[in-house]
Amino acid sequence: MSTPEAQGLDPMLVAEMYYKAAELETIYSLLVIKNGYLIAEDYFNEGSVDQKDRLQSVTKSYTSALVGIALEQGCLSSVDQKLLDFFPKVAGKITDPRKEQITIRNMLEMRAGYPREETDPALWHGLLSGHYPPLIEEFPLISDPGTRFHYSNLTSNWLGIIVDRACGMNLKAYAEEHLFSPLGVKAGEWGQDAEGHNNGCGDLHLTARDAARFGLLYLNDGVYKGNQVVPADWVHDSLQTYSVNEAFVKKVGHFRDIGYGYQWWSANAGKYHVNFAWGHGGQLIVLVDELDMVIVTTSYPFWLEHNDQSWKNEKAIITMVSEFIDSLPSE
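Overview of the structure.

What counts and what doesn't
Residues numbered from 1 in each chain as written. Predicted model: local features only at pLDDT ≥ 70, side-chain atom pairs only at ≥ 80, totals over all residues. Heavy atoms only, no water. Axes fitted to C-alpha atoms, helices over the stretch in contact; angles between N-to-C directions. Helix = DSSP H or I, 4+ residues; strand = E, 2+ residues; numbered from the N terminus. Parallel < 35°, antiparallel > 145°, perpendicular 65-115°, else oblique. Left-handed = near helix turned anticlockwise from the far one by under 90°. Contact = heavy atoms within 4.5 Å. Nonpolar A, V, L, I, M, F, W, Y, C, P; charged D, E, K, R; others polar. Polar contact = N/O pair within 3.5 Å; in protein donor to acceptor, adjacent residues only side chain to side chain. Buried < 20%, exposed > 50% of the residue type's maximum accessible area, 1.4 Å probe, protein only. 1 Å grid on protein atoms, 1.4 Å probe; cavity = no way out; pocket = protein on both sides within 12 Å on 5 of 7 lines; lining within 4 Å. Points joined across faces, edges and corners; volume = space filled by probe spheres on them. Patch = residues over 30% accessible without salt bridge, like charges linked within 9 Å, V, L, I, M, F, W, Y side chains within 5 Å. Areas by Shrake-Rupley, 256 points an atom, 1.4 Å probe, with all protein chains shown as cover. Salt bridge = Lys/Arg side-chain N within 4 Å of Asp/Glu carboxyl O.

Here we take up the packing of helix 1 (residues 11–21) against helix 11 (residues 308–327). Two numbers describe how helix 1 lies on helix 11: the axes approach to 10 Å, and their chain directions differ by 165°. Judged by the inter-axis angle, helix 1 sits roughly antiparallel to helix 11. Of the two elements, helix 1 crosses helix 11, and the hand of that crossing is right-handed. Residue-level contacts link Leu13, Val14, Met17, Lys20 and Ala21 of helix 1 to Met320, Val321, Glu323, Phe324 and Ser327 of helix 11. Looking at side-chain class alone, the contact of helix 1 with helix 11 contains 7 nonpolar, 1 polar and 2 charged residues.

The subject of this paragraph is the environment of leucine 55. Considering the arrangement of structural elements, one finds leucine 55 in the loop between strand 3 (53–54) and helix 2 (59–73). Each C-alpha atom, one on leucine 55 and one on alanine 277, is 9.6 Å from the other, the two residues being 222 residues apart in sequence. In this structure leucine 55 touches Leu204, Leu206, Ala211, Gly279, Gln283 and Thr298, once residues within four positions along its chain are discounted.

This brings us to the side chain of threonine 297. Assignment of secondary structure puts threonine 297 in strand 13 (residues 293–299). Only 2.7 Å separates the side chain of threonine 297 from the backbone oxygen of glycine 282, close enough to count as a polar contact. When sequence neighbours within four positions are dropped, the list of residues in contact with threonine 297 reads Ile27, Ser29, Leu30, Gly282, Gln283, Leu284, Ile317, Met320 and Val321.

The next thing to look at is the environment of leucine 239. Its place among the elements puts leucine 239 in the loop between helix 10 (232–238) and strand 7 (243–244). Judged by relative accessible area, which is 15%, leucine 239 ranks as buried. Taking C-alpha positions, leucine 239 is 8.1 Å from tyrosine 260, a pair spaced 21 residues apart along the chain.

Approximately 690 Å³ is the volume found for the largest pocket. For the largest pocket, the lining is made up of 30 residues, of which Glu118, Trp124, Asn153, His280 and His306 are closest to its centre. Where the lining of the largest pocket is concerned, the elements lending two or more residues are helix 5 (121–129), strand 11 (272–279) and helix 11. Residues that form the lining of the largest pocket fall into these classes: 13 nonpolar, 12 polar and 5 charged.

In this section: a nonpolar patch on the surface. A contiguous nonpolar patch, built from Leu128, Trp303 and Leu304 and spanning about 290 Å² of accessible area, is present on the exposed surface. For tryptophan 303, the location among the structural elements is in the loop between strand 13 and helix 11. Residue class for tryptophan 303 comes out partly exposed when judged on its relative accessible area of 40%.

For methionine 110, which is not glycine, the phi dihedral falls at a positive 60°. Residue classification places methionine 110 among the buried residues on the basis of a relative accessible area of 1%.

By themselves these figures say nothing about function.
Structure follows, in structure tokens:
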């Protein structure tokens, strides 16, 4: 641990962000890590240091890390392997030949062609059904694979199932051995589908400090306490921007030019480029590489609540964090 001053941050700018956080109704935690030191931390409303929060779609970035580890270990051979290679029972029922071309790379980039579930009640019902492999055939493509960004929770769930099947281990068990344990993390609940697969798109529960460790891992090229946990090349590839201004928002708070990598978001804020894991309700792991900084927020997750109220509170948290980054001078 350290202080903002000792790590080159204006303490008044940090204090101002925490003052704003204290006024938010649904935020649980706010942590700032600079140069590897925890320099600010507080908990609000129902939050506490030991609380394992539902991180919602921040989980997707963990699923991406597990894909990278599976590739390094040889469970998977390439990001260009086909989706249907791992779902043989579905492969024989495919009527849209474009689905035969969908690769793991397309899925990581959210460019597989499947629609965003929130756009249609039938799609949303399918997501909540817990029976995911049949939806590979049942859900229509709305663009050719590899051509357009469409945010798809099901695509992330299928990625989780691919790692599960390729490595022969439950996703959480695989993560505990190869990701959580090296980070010194003890995960909480991780929701499962009807077949017992952990949901690649969400439902992972962790403390804010544990989320910060994951941020530090990616900030340091996959190294944590001297150990290469995630391959450095995978971290680099994951934090590239393959789609920009194609998402459901092009600007939120002070984040602009919002883009997407391998299950990681990217944006610009003020003078800085950032990458971030983003979950509904305001769960964030924000990487500011140029400043060697990680910012973490957890909040009330608005589980199955997708309405104006949930977005208002989520946006307030994103605005607070992005405004802080925007206010920081160049080092």
